[in-house]
Amino acid sequence: MTNCYFFSFSMLFASLFNFFGGKEEPYKNNEAYMNKIINRSIKQLENRYGLVPIGSGGGNIDNKSRKETVSFHLYHKLTKEEARILIIEIVELLLHNINIDKVIAPYLYNFPFTYKNIEATVFIYEKDESDLFDPNIGLISLTRRGTINYVTYLPNSKWCEYATDVEEPYEQAYKIVTQKDYPHKISDSKDTFNPKG
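What comes next is a walk through the structure. (Residues numbered from 1 in each chain as written. Predicted model: local features only at pLDDT ≥ 70, side-chain atom pairs only at ≥ 80, totals over all residues. Heavy atoms only, no water.)

Topic: the packing of helix 3 (residues 80–99) against helix 4 (residues 170–178)
Describing two packed helices takes the angle between their axes plus the distance from one axis to the other.
Right, on to step 1. Between helix 3 and helix 4, the shortest axis-to-axis distance is 10 Å and the interhelical angle comes to 105 degrees. In terms of axis orientation, helix 3 runs roughly perpendicular to helix 4. Taken together, the residues of helix 4 that come into contact with helix 3 (itself represented by Arg 84, Ile 85, Ile 88, Val 91 and Glu 92) are Tyr 170, Ala 173, Tyr 174, Ile 176 and Val 177.
Right, on to step 2. The residue makeup of the contact of helix 3 with helix 4, split by class, is 8 nonpolar, no polar and 2 charged. (Axes fitted to C-alpha atoms, helices over the stretch in contact; angles between N-to-C directions. Helix = DSSP H or I, 4+ residues; strand = E, 2+ residues; numbered from the N terminus. Parallel < 35°, antiparallel > 145°, perpendicular 65-115°, else oblique. Contact = heavy atoms within 4.5 Å. Nonpolar A, V, L, I, M, F, W, Y, C, P; charged D, E, K, R; others polar.)

This is the structure in structure tokens:
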């Protein structure tokens, strides 16, 4: 049995940066506080959806939080519709908990935080922890490009090669799930965050 594991470069970099960066600088208080918000959110998601957290991280610019990254395992199959709802729920819960917090607000690179400030990944497995293969979804993620990706894997692939990788803009998925337009109108306005940065 080959388990497919992937790690976001931004999450790895953020984790190494936090590990080696020390805690002396004043802005580290902001990082510690953001970590509390993220950890509280992860606990809510664990309890609500049975998600198993496997990593989180973040990235700063000018000593302000610009990106937060979370990843999980889930041990039951999802349809594409269920996967879409789950990733929207994860992202919106994180955004809600960050944006209502008055202490962290001055330390956000842009306010309000939007889906462009979040990366979220869920690796999906069978209940017995074995891999899922096409046509079952094995991975769903919100990428730094602002798209939701639904991935299926080729069976018997040595390197966990994709069978399919379907992209969907976050705002489109949000509208399908909530029957509402995305509230911050990111696609129509200037955003201080550049997802390619």
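Section: the sheet that holds strand 3 (residues 118–124)
Right, on to step 1. Taken in spatial order, the 6 strands line up as 1-2-3-4-5-6 in an open sheet, and their pairing is mixed. Two strands in the sheet have a free side with no partner beyond their single neighbour: strand 1 (52–61) and strand 6 (162–169). Averaged over all pairs of adjacent strands, the angle between strand axes in this sheet comes to 10 degrees, irrespective of strand direction.
Right, on to step 2. In terms of strand pairing, strand 1 meets strand 2 (residues 64–74) through 9 bridges, oriented antiparallel. Bridging across to strand 2, Pro 53 finds its partner in Phe 72.
Right, on to step 3. Strands in contact with helix 3 are strand 2, strand 3, strand 4 (139–142), strand 5 (147–153) and strand 6; relative to strand 3, the strand with the most contacts, it is inclined by about 140 degrees. (Pairing = 2+ DSSP bridges.)

Some thoughts on the pattern of salt bridges
Right, on to step 1. For the structure on display, the rule yields 7 salt bridges.
Right, on to step 2. Here Glu 119 makes a salt bridge to Arg 144, at a shortest N to O gap of 4.0 Å. Taken together, the residues span a long stretch of sequence, with Glu 119 in strand 3 and Arg 144 in the loop between strand 4 and strand 5 at a distance of 25 residues.
Right, on to step 3. For Glu 119, a relative accessible area of 9% puts it in the buried group.
Right, on to step 4. Ionic pairing is found between Lys 175 and Asp 181, a salt bridge with its closest N-O pair at 3.1 Å. (Salt bridge = Lys/Arg side-chain N within 4 Å of Asp/Glu carboxyl O. Buried < 20%, exposed > 50% of the residue type's maximum accessible area, 1.4 Å probe, protein only.)

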